[in-house]
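Residue-level structure breakdown
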Amino acid sequence: MRSREMKLSGKVAIMGGGSWATAIAKIVVSNTGHINWYMRRDDRIEDFKRLGHNPAYLTGVKFDLKTITFYSNINDVVRDSDVLIFAIPSPYVKAHLKKLKTRLKDKIIISAIKGIVPDENLIVSDYFIKFYNVSPEQVAVIAGPCHAEEVALERLSYLTIGCPDVEVAKGISQLLSNNYIKTSLSDDVIGIEYGSVLKNVYAIAAGICGGLKYGDNFQAVLISNAIQEMNRFLSTVHPIQRSVYDSVYLGDLLVTAYSNFSRNRTFGVMIGKGYSVKSAQIEMEMIAEGYYGTKCIKDINKHYHVNMPILDAVYNILYERISPAIEIKLLTDSFR
């Protein structure tokens, strides 16, 4: 335990160059005074150094460049860091880690990834445990109703830290807490991760319904059914005592389903308006994690057989190319 506490006071790396990675970097560097920051593209790093901010995401957030050491080589940043905060979109996790030769066994891994590793159909914590020989006590997740854009604006937000080791969780809390970020602790790593995936699926459903001109009344019924569906799934795959009405579950679902900052909702709106999946992805220029999460959860649920009509509807629209109007009409008939 003592060594883990020391690790959390060591060098922290932000893994990824997107909006959530940038928001987390803003929080962490204000608490630690220095971060290592891994971005895949050298041109983005050079533009960052020239401009003093991320050139592609949250461009209004200024950084003191003296507080950042940039890396484009994943082995170098892992070697030089003790705590690794991964904020890479889930579809790209395998591609980044495939280059990794440096051991992760003695690192603290924090996943800020709200998705499942495609092909493997594994939540991110399980992927690290299975393929990188790290113990569950070394892996944590952070989640909750926290849009990167609002964190960047320093609007009050709440994060939940999931980790089986309470001392590690407390250390992570110190890394992430400040006057606009409040944190709470949980040992429900599996439930938090699956909930983070499902809320993206349900946000796509909400967006599709918005694109089809369903109103606020129906959206409320949709989300009421979505939290029940999430509860059925979580209670089946990881049956522990939890309340899905906690902010890390219901709160994250609500903000992702309703907020204009939600890329998954935006993606769904475009699908509801008649865009193809490919054209919506091209126009957004950002990853909608729920697209990949829909297929992964659908495949995983073949083993559990949980009743998930909303998931099934989104899957049929995105992957079976069934008309959104027809599929949602069928879904509405199952609601009460």
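Above this text sits the structure in question.
The paragraphs below set out a description of the structure included in this document. Note that the structure is a prediction, hence the values are computed from the model and not measured.

You will see that Asp-119, though not glycine, has its phi angle at about 75°, which is positive. Here Asp-119 is to be found in the loop between β6 (116-117) and β7 (122-123). Judged by its relative accessible area of 71%, Asp-119 is exposed. For Lys-213, which is not a glycine, the phi torsion comes out positive at approximately 75°. Along the chain, Lys-213 turns up in the loop between α9 (189-211) and α10 (216-237).

Taken as a whole, this structure holds zero disulfides when the rule is applied. Residue Cys-163 stays outside any disulfide, its sulfur separated by 18 Å from that of Cys-146, the closest cysteine. The class for Cys-163 is buried, based on a relative accessible area of 3%.

Proteins that are soluble and globular tend to have nonpolar side chains buried together. By size, the foremost hydrophobic cluster in this structure holds 53 residues, and its most contacted members are Tyr-194, Tyr-202, Leu-222, Phe-233, Phe-267, Ile-297 and Leu-318. Among the elements that take part in this core, α9 stands out by supplying twelve residues, more than any other. Excluding anything up to four places from it in sequence, Phe-233 contacts Tyr-194, Leu-198, Ile-297, Ile-300, Asn-301, Val-306 and Met-308. Among the nonpolar cores identified, the runner-up in size contains 42 residues, and Trp-20, Ala-21, Trp-37 and Ala-87 belong to it.

This paragraph deals with the pattern of salt bridges. Scanning all chains against the criterion turns up 16 salt bridges. Lys-298 is paired through a salt bridge with Asp-312; the nearest N and O atoms lie 3.0 Å apart. Here the residue Lys-298 occupies a position in helix α14 (residues 289-304), and Asp-312 occupies one in helix α15 (residues 309-319), the gap between them amounting to 14 residues. Judged by relative accessible area, Asp-312 falls into the partly exposed class, the value being 25%. Where Lys-302 meets Asp-299, a salt bridge forms, and the shortest distance between an N and an O atom there is 3.4 Å. Taken as a pair, Lys-302 and Asp-299 lie in helix α14 at a separation of three residues, close to a single helical turn. Asp-299 gets classed as buried once you look at its relative accessible area, which sits at 17%.

Calculation rules
- Residues numbered from 1 in each chain as written.
- Predicted model: local features only at pLDDT ≥ 70, side-chain atom pairs only at ≥ 80, totals over all residues.
- Heavy atoms only, no water.
- Helix = DSSP H or I, 4+ residues; strand = E, 2+ residues; numbered from the N terminus.
- Buried < 20%, exposed > 50% of the residue type's maximum accessible area, 1.4 Å probe, protein only.
- Disulfide = S-S within 2.5 Å.
- Core = buried A, V, L, I, M, F, W, Y, C linked by side-chain atoms within 4.5 Å.
- Contact = heavy atoms within 4.5 Å.
- Salt bridge = Lys/Arg side-chain N within 4 Å of Asp/Glu carboxyl O.

Spatial relationships are all this shows, so hold off on functional conclusions.
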